[in-house]
Amino acid sequence: MASNASFTSPLANAIPSAGAFAPQLESVVDAVMNASLLTWAVTLLALAVAYDQISYLLQKGSIVGPAYKEPFIGPFLQSLDPKFEEYMQKWQSGPLSCVSVFHKFVVIASTRDLARKIFNAPQYVKPCVVDIATKILGEDSWVFMDGKDHVDYRKGLNNLFTRKALDSYLPGQEAEYKRYFARFLKLTKDAGGKPIPFMHEFRELMCAVSLRTFAGYYMADSAIKKIADDYYLVTAALDLVNFPIIIPYTRTWYGQRAARETMEEFAKCAAKAKVRMAAGGEITCIMDAWIKEMIDSKKWLEATEKGLSTEHLVKPSPIIREFSNMEIARTIFTFLFASQDATSSAATNLFQVVAQRPDVLDRVRDENYRVRKGDVHAPVTMDQLESMTYTRAVVRELLRWRPPVIMVPYKAKKAFPITEDYTVPKGAMIIPTTYMALRDPEIYDRPDEFDPERYYTGDAEEKGKKNYLVFGTGPHYCLGQHYAQLNLALFLGKASLLLDWKHHATPVSEEIKVFACIFPKDDCPLTFEERKW
């Protein structure tokens, strides 16, 4: 090592002496050679900040957005506690607006037509749900598939949500509702008749119903309780944009762990279901129905390959391959991922709004009593459920008035010319909102009011068919949209016959909080009593 090595400048020994340069450059070279490590660090930081800011401004272009990005992190701290009012400000600021958080540039589309354009642009975008979703579900999850792969995989799932399939799931759903209604009564009794927030109870209930629908009685009650409790950790991890890596013992780390443990439980259920269905068991849940399709497909293929008669066989449509237990588990988890927060939001808002409107609840109760022919404990069939036109109108209007999913994030696969004046950069997140289309005053009379009549006797169904984006549209529309609506109708109808409940309003009951989906800010304080007939 040279005896005169400098410890003040990393370049002092790497650059020739200043005298080797032209006189006009000597002062510059001298300054560089003698710069301290601190000076270099500050300079590099300033350059990084400038690059981050210039990159943001170039991507922002002409659309609405902050004039300056907070260095590197952007509005990350605000995103940890999202406010509905702040989302509204963004939507109302213009058809397109933007923010930039960490490395992620985010474009927000607030009009119906722009939302529909994004939903129907698979050549430009693909779903990304939220920033952390691929780390929870896996990059190769069918949810993130594209093109023909996605279409083919989805075809293999369509039969799980047919009318016949939905009918076979009803007994398990009704049993869970009955079990939790008893719990609701006990909670009110244990509280001395005083109201308690029921948002978390609705979350547990809807998780239990979903798990029974998806995995049947292969899953023990104790496992259902654990998953229902742990799924809160998954929801808490669903910030729109997260820190780029998962750090141990953070919300995203706990969420990823809870998801993995849930999938492992589903895999155990799949193994049990395969044994039972191979022995000729009846379909009682989605897992049964899917495995039955696999068994029937295998029998058909084996018979045709061997040249045997297929007269006694039913050809599945489509024919699907046999999936491993973990493949089944991962797909079933996507159903839970798609349904849990949305149905919990809908259930919470539904029970609040009908409690506030006893005339609506009375009509729901009368319809359900009539359909069940006066037997309040009678189970319902799919025919009966579909005949409850008013109850279904209440659900339909609730989903318009308080849409659980207010935004659906996508990722631009390539530069997307979304308008004549603006192109979404490749790699950006682009987020259409459903909320503004569902509150469009040109389509819905008094859009801020809850009014089931618009779907019962009115023309909202036809007039608002392009605005009703509750379940999306295009190639990635919600596979379980009919299941979700009928399940909520079953829940409300059964509760109306067996329970009386009262909502205890607070000053923030009508305000909205965002926890993946939307909920009353006070978590819906209720009391329950058994209904006497």
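Use the structure listed above.
These lines cover the structure that appears in this document, whether it is placed above or below. (Residues numbered from 1 in each chain as written. Predicted model: local features only at pLDDT ≥ 70, side-chain atom pairs only at ≥ 80, totals over all residues. Heavy atoms only, no water.)

### As for the overall build of the protein chain
Turning to step 1, where the next piece is worked out: Helix and strand counts for the protein chain come out as 20 helices and ten strands.
Turning to step 2, where the next piece is worked out: Overall, the C-alpha framework of the protein chain stretches about 105 × 70 × 50 Å when taken along its three principal axes.
Turning to step 3, where the next piece is worked out: Per-residue burial for the protein chain yields a buried fraction of 50% across its 533 residues.
Turning to step 4, where the next piece is worked out: If you sum the accessible surface of the protein chain, you get close to 25000 Å²; carbon and sulfur atoms cover 58% of it.
Turning to step 5, where the next piece is worked out: Charge centroids of the protein chain, computed over 65 positive and 64 negative side chains, lie 3 Å from each other. (Helix = DSSP H or I, 4+ residues; strand = E, 2+ residues; numbered from the N terminus. Buried < 20%, exposed > 50% of the residue type's maximum accessible area, 1.4 Å probe, protein only. Areas by Shrake-Rupley, 256 points an atom, 1.4 Å probe, with all protein chains shown as cover. Lys, Arg positive; Asp, Glu negative; His and termini not counted. Charge placed at Lys NZ, Arg CZ, Asp CG, Glu CD.)

### Looking at the sheet that holds strand β10 (residues 525-530)
Turning to step 1, where the next piece is worked out: Pairing is antiparallel in the open sheet, where three strands are placed in the order β4-β10-β7. Each edge of the sheet is formed by a strand with only one pairing partner; in this case those strands are β4 (196-197) and β7 (499-503).
Turning to step 2, where the next piece is worked out: When β4 meets β10, the two strands line up antiparallel, connected through two bridges. Looking at β10, one finds that I196 is bridged to L526. (Pairing = 2+ DSSP bridges.)

### Regarding helix α8 (residues 163-190)
An α-helical segment advances 3.6 residues per turn. Residues three or four places apart therefore align on the same side.
Turning to step 1, where the next piece is worked out: Counted at 1.5 Å a residue, the expected span for α8 with its 28 residues is 40 Å, and the 40 Å between its end C-alpha atoms agrees.
Turning to step 2, where the next piece is worked out: Of all the bends in α8, the greatest, near 35°, is centred on L170, and the proline P171 appears no more than four residues after it.
Turning to step 3, where the next piece is worked out: Where α8 ends, the next residue or the one after it, G192, has phi of about 70°, a positive value. (Expected span 1.5 Å × (residues − 1). Bend = angle between axes of the 7 residues up to and from the residue.)

### Some details on the packing of aromatic side chains
Two measures describe an aromatic ring pair: the distance that separates the ring centres and the angle between the ring planes.
Turning to step 1, where the next piece is worked out: Applying the stated criterion to the full structure yields 39 aromatic pairs.
Turning to step 2, where the next piece is worked out: Relative to F202, the ring of F184 lies with its centre 5.7 Å away and its plane at 90°, an arrangement referred to as edge-to-face. With F184 in helix α8 and F202 in helix α9 (residues 199-215), this pair connects stretches of sequence that are 18 residues apart.
Turning to step 3, where the next piece is worked out: Take F202: its relative accessible area is 0%, and that puts it in the buried class.
Turning to step 4, where the next piece is worked out: With a centroid separation of 5.0 Å and an interplanar angle of 35°, the aromatic rings of Y232 and F515 are classed as tilted. Taken together, the residues Y232 in helix α10 (residues 221-236) and F515 in strand β8 (residues 512-515) connect sequence positions 283 residues apart.
Turning to step 5, where the next piece is worked out: Owing to a relative accessible area of 36%, Y232 belongs among the partly exposed residues under this scheme.
Turning to step 6, where the next piece is worked out: A relative accessible area of 17% places F515 in the buried class.
Turning to step 7, where the next piece is worked out: In this structure an aromatic cluster arises from ring pairing among Y177, F181, F184, F198, F202, F351, F491, W501 and F528.
Turning to step 8, where the next piece is worked out: In this arrangement the basic side chain of R321 is found over the ring face of F323, its NZ or CZ atom lying 4.0 Å from the centre. (Phe/Tyr/Trp six-rings, centres within 6.5 Å; stacked < 30°, edge-to-face > 60°. Lys NZ or Arg CZ within 6 Å of the ring centre and 35° of its normal.)

### Describing the environment of R330
Turning to step 1, where the next piece is worked out: By secondary structure assignment, the location of R330 is in helix α13 (residues 325-356).
Turning to step 2, where the next piece is worked out: A residue is classified by how much of its surface remains accessible, and R330, at 27% relative accessible area, is partly exposed.
Turning to step 3, where the next piece is worked out: Ignoring any residue separated from it by four or fewer positions in sequence, one finds R330 in contact with L137, G138, D140, S141 and M263. (Contact = heavy atoms within 4.5 Å.)

### Some thoughts on α10
Turning to step 1, where the next piece is worked out: Look at α10: 24 Å from first C-alpha to last across 16 residues, which is about the 22 Å you get at 1.5 Å a residue.
Turning to step 2, where the next piece is worked out: Of all the bends in α10, the largest measures some 25° and sits at D229.
Turning to step 3, where the next piece is worked out: Where α10 is concerned, the buried positions are A223, I224, I227, A228, D230, Y231, V234, T235 and A236.

### A short note on the sheet that holds strand β1 (residues 96-101)
Turning to step 1, where the next piece is worked out: Reading across the sheet, the five strands line up as β1-β2-β6-β5-β3 and stay open at both edges, with mixed pairing between neighbours. At either margin of the open sheet sits one strand with a lone partner, and together these are β1 and β3 (125-127). Taken pair by pair, the neighbouring strands of this sheet meet at an average axis angle of 30°, ignoring direction.
Turning to step 2, where the next piece is worked out: When β1 meets strand β2 (residues 104-109), the two strands line up antiparallel, connected through six bridges. Note on β2: the bridge partner recorded for V101 is K104.
Turning to step 3, where the next piece is worked out: Docked against the sheet, helix α5 (residues 112-119) engages β1, β2, β3, β5 (410-412) and β6 (429-432), running at close to 125° with respect to β6. (Axes fitted to C-alpha atoms, helices over the stretch in contact; angles between N-to-C directions.)

### Some points on the packing of α8 against α9
Turning to step 1, where the next piece is worked out: Look at α8 against α9: their axes get within 9 Å of each other, and the N-to-C directions meet at 155°. For the element pair α8 / α9, the angle class is roughly antiparallel. Crossing angle aside, the handedness with which α8 passes α9 is right-handed. Of α9, the residues touching α8 (which contributes Y169, G172, Q173, E176, Y177, Y180, R183, F184 and L187) are E201, F202, E204, L205, M206, A208, V209, R212 and T213. (Parallel < 35°, antiparallel > 145°, perpendicular 65-115°, else oblique. Left-handed = near helix turned anticlockwise from the far one by under 90°.)

### Looking at the nonpolar core
Turning to step 1, where the next piece is worked out: Membership of the largest hydrophobic core comes to 115 residues, with the highest contact counts inside it found for F266, M287, F333, F335 and W501.
Turning to step 2, where the next piece is worked out: Non-local contacts of F333, meaning those with residues more than four positions away in its chain, are made with I136, L137, Y231, A259, T262, M263 and F266.
Turning to step 3, where the next piece is worked out: Listed in part, the 23 residues of the second largest apolar core include Y56, I63, Y410 and I418. (Core = buried A, V, L, I, M, F, W, Y, C linked by side-chain atoms within 4.5 Å.)

### Some points on the packing of α10 against α13
Turning to step 1, where the next piece is worked out: Relative to each other, α10 and α13 sit at 80°, their axes nearing to 11 Å. When the interaxial angle is binned, α10 and α13 end up roughly perpendicular. Two secondary-structure elements touch here, α10 through I227, Y231, V234 and T235 and α13 through F333, L336, F337, Q340 and D341.
Turning to step 2, where the next piece is worked out: Class assignment for the residues of the contact of α10 with α13 results in six nonpolar, two polar and one charged. (Nonpolar A, V, L, I, M, F, W, Y, C, P; charged D, E, K, R; others polar.)

### Brief notes about the side chain of E367
Turning to step 1, where the next piece is worked out: With respect to the secondary-structure elements, E367 resides in helix α14 (residues 358-371).
Turning to step 2, where the next piece is worked out: The contact partners of E367, leaving out residues within four places of it in the chain, are S387, M388, T389, Y390 and T391.

### Section: the pattern of salt bridges
Turning to step 1, where the next piece is worked out: The final tally for this structure, using the stated rule, is 40 salt bridges.
Turning to step 2, where the next piece is worked out: With a shortest N-O distance of 2.8 Å, R183 and E201 are connected by a salt bridge. You can see R183 sitting in helix α8 and its partner E201 sitting in helix α9, a full 18 residues away along the chain.
Turning to step 3, where the next piece is worked out: Judged by its relative accessible area of 12%, E201 falls in the buried class.
Turning to step 4, where the next piece is worked out: Among the ionic contacts, a cluster of salt bridges with common partners joins E176, R179, R212 and D221. (Salt bridge = Lys/Arg side-chain N within 4 Å of Asp/Glu carboxyl O.)

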